[in-house]
Amino acid sequence: MALPQQCEAAFGTADLYGVLGVRRGASPQEIRRGYHRASLRLHPDRVPPEQKEEATRRFQILSKVYAVLSDEKQRAVYDETGTVDEDAEALQDGRDWLEYWQLLFKVTVKDIEDFQKSYKNSAEELADVKAAYVNFKGDMDRIMESVMCADYTDEPRIREMIEQAINSGELPSFKAFVRESKRKMMSRRRRVEKEAKEAKKTKDELGLSGENDLQALIKSRSRDREKQMDSFLAQLEAKYGNSAKKGGKKTSAKKRK
C-alpha cells in the first residue's frame with residue numbers, strides 16, 4: 001500500500017502535511033517540529049502492551065511521512081505529483097524508526113512524561129484543542145484522538161475549554177459538539193472504560209502495585225533502550241569510523257525544539 005493510502009487508513013487523511021499538522025508551505029523547521037509533536041503523542045511507549053503493535057505501526061507511518069517531507073527532492077516530487085517514491089531507501093520496511101527517532105531528538109521516556117506535564121493546561125494545549133475543534137467540526141471522537149497527551153480522563157476538561165471558547169465567541173457552535181447524542185457519548189465512555197480496565201489489568205499482571213514500581217519499570221525500559229542505542233552507535237562507529245560516534249553526541253536533549 002502506498003504511503004498516502006497508509007496515512008488515510010491510519011490518520012484519516014492522505015495528505016502528508018496534514019498527518020504532521022503543518023501547512024503545505026511549511027519550513028523544514030516547522031516540519032521537524034510537527035513531526036516531533038505528533039511523535040510524542042503517538043510514541044509506542046505511551047500505550048499499554050496490548051496496544052503497542054498498532055501504536056508502532058502508526059508511529060512507523062508517521063516517521064515515513066517525515067522522511068519524505070524532510071528530504072528536499074522527495075518533497076518536491078510529492079508536491080508536484082502527490083505521489084511518493086516508495087522505492088526510496090528511507091522508506092524501506094527494515095529501518096528501525098524508533099532508533100531513528102531517538103537519534104534525531106535524543107528523547108527518553110522521562111522527556112515524554114515531562115512534556116506531558118508541561119503541556120496539559122498550557123496555552124499551547126488550549127490552542128491545539130481549539131484548532132482540533134474547528135478542523136473536525138466539533139466531533140469529540142476526532143478531537144480526543146488528535147489532541148496530544150489526552151486520555152479519557154481529560155475529556156471533561158477539554159470539553160470545558162471548548163464550551164468556554166464558544167460562550168466567549170472565540171469558536172463557532174458546531175452541532176456535532178453542542179448536540180452530541182447521548183448514544184455517541186456513552187459509546188465513547190464505554191470504549192475508554194474498556195481501555196482503562198485493560199490498562200489496569202496490564203498493570204496488575206506486571207505486578208505494579210504503586211507509583212514507585214511504575215517508575216522502576218520506566219527506568220528499566222529506559223536502560224534497555226540506552227543499551228540498544230549504545231550498540232547501534234557502536235555499529236555506526238565500526239562502519240564509518242570515530243566521526244559517526246562523535247557526530248551522534250553533538251545534539252543534546254536541551255537543544256530539542
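Note that the coordinates shown come from a computational prediction; the quantities given were computed from them, not determined experimentally.

Novice: Can you help me understand the overall build of the protein in this one?
Specialist: In terms of helices and strands, the protein carries 14 helices and 0 strands. When the elements of the protein are put in sequence order from the N terminus, they spell out α-α-α-α-α-α-α-α-α-α-α-α-α-α. Counting only contacts in the protein whose residues sit at least 6 apart along the sequence, the fraction spanning at least 24 positions is 65%. By element, 50% of the accessible surface of the protein is carried by carbon and sulfur atoms, the whole surface being about 15600 Å².

Novice: Which parts of the structure should I look at to understand the side chain of Arg 75?
Specialist: You can see Arg 75 is positioned in helix H5 (residues 72-81). From its side chain, Arg 75 meets the backbone oxygen of Arg 24 in a polar contact 3.0 Å long. Ignoring anything within four residues of it in the chain, the contact list for Arg 75 reads Tyr 17, Arg 24, Gly 25, Ala 26, Ile 31, Val 68 and Leu 69.

Novice: I'm lost on the pattern of salt bridges in this one. Help?
Specialist: It is possible for side chains of opposite charge to pair when their charged atoms get near one another. Counted under the stated rule, the structure contains 17 salt bridges. Between Asp 79 and Arg 75 there is a salt bridge, and its shortest N-O distance comes to 3.9 Å. Taken together, the residues Asp 79 and Arg 75, both in helix H5 and 4 residues apart, mark about one turn of the helix. Classification of Asp 79 as partly exposed rests on a relative accessible area of 37%. Sharing partners across several salt bridges, the network here consists of Asp 141, Glu 155, Arg 159, Glu 180 and Arg 188.

Novice: Would you mind showing me how to read the packing of aromatic side chains here?
Specialist: What describes a pair of aromatic rings is the distance from one ring centre to the other and the angle between the planes of the rings. On inspection of all chains with the given rule, the structure shows 4 aromatic pairs. Summarising the aromatic geometry, the rings of Tyr 133 and Phe 174 are spaced 5.1 Å apart at their centres and angled 45° between planes, so their arrangement reads as tilted. Of this pair, Tyr 133 sits in helix H8 (residues 123-135) while Phe 174 sits in the loop between helix H10 (155-167) and helix H11 (175-178), placing them 41 residues apart in sequence. Here Tyr 133 and Phe 174 have matching classes, each one buried. A centroid spacing of 5.6 Å and a plane angle of 90° characterise the contact between Tyr 133 and Phe 177, whose relative ring orientation is edge-to-face. With Tyr 133 in helix H8 and Phe 177 in helix H11, this residue pair connects regions lying 44 residues apart in the sequence. Each member of the pair Tyr 133 and Phe 177 is classed as buried.

Novice: It is not clear to me how the environment of Ala 150 should be interpreted in this structure. Could you clarify?
Specialist: Inspection of the secondary structure assignment puts Ala 150 in the loop between helix H9 (140-146) and H10. On the basis of relative accessible area, Ala 150 is assigned to the buried category, the value being 19%. Sequence spacing of Ala 150 and Lys 120 is 30 residues, and the spatial spacing of their C-alpha atoms is 8.3 Å.

Novice: Sorry, what's going on with the environment of Arg 24 here?
Specialist: By the secondary structure assignment, Arg 24 is in the loop between helix H2 (16-20) and helix H3 (28-42). Counting along the chain gives 45 residues from Arg 24 to Leu 69, while the straight-line C-alpha distance between them is 9.9 Å. Residue contacts for Arg 24: discarding those within four places in its chain leaves Asp 15, Tyr 17, Arg 75, Tyr 78 and Asp 79. Reaching out from Arg 24, the side chain makes a polar contact with the side chain of Asp 15 at a distance of 3.1 Å. Only 3.5 Å separates the side chain of Arg 24 from the side chain of Asp 79, close enough to count as a polar contact.

Rules behind the numbers
- Residues numbered from 1 in each chain as written.
- Predicted model: local features only at pLDDT ≥ 70, side-chain atom pairs only at ≥ 80, totals over all residues.
- Heavy atoms only, no water.
- Helix = DSSP H or I, 4+ residues; strand = E, 2+ residues; numbered from the N terminus.
- Contact = heavy atoms within 4.5 Å.
- Areas by Shrake-Rupley, 256 points an atom, 1.4 Å probe, with all protein chains shown as cover.
- Polar contact = N/O pair within 3.5 Å; in protein donor to acceptor, adjacent residues only side chain to side chain.
- Salt bridge = Lys/Arg side-chain N within 4 Å of Asp/Glu carboxyl O.
- Buried < 20%, exposed > 50% of the residue type's maximum accessible area, 1.4 Å probe, protein only.
- Phe/Tyr/Trp six-rings, centres within 6.5 Å; stacked < 30°, edge-to-face > 60°.

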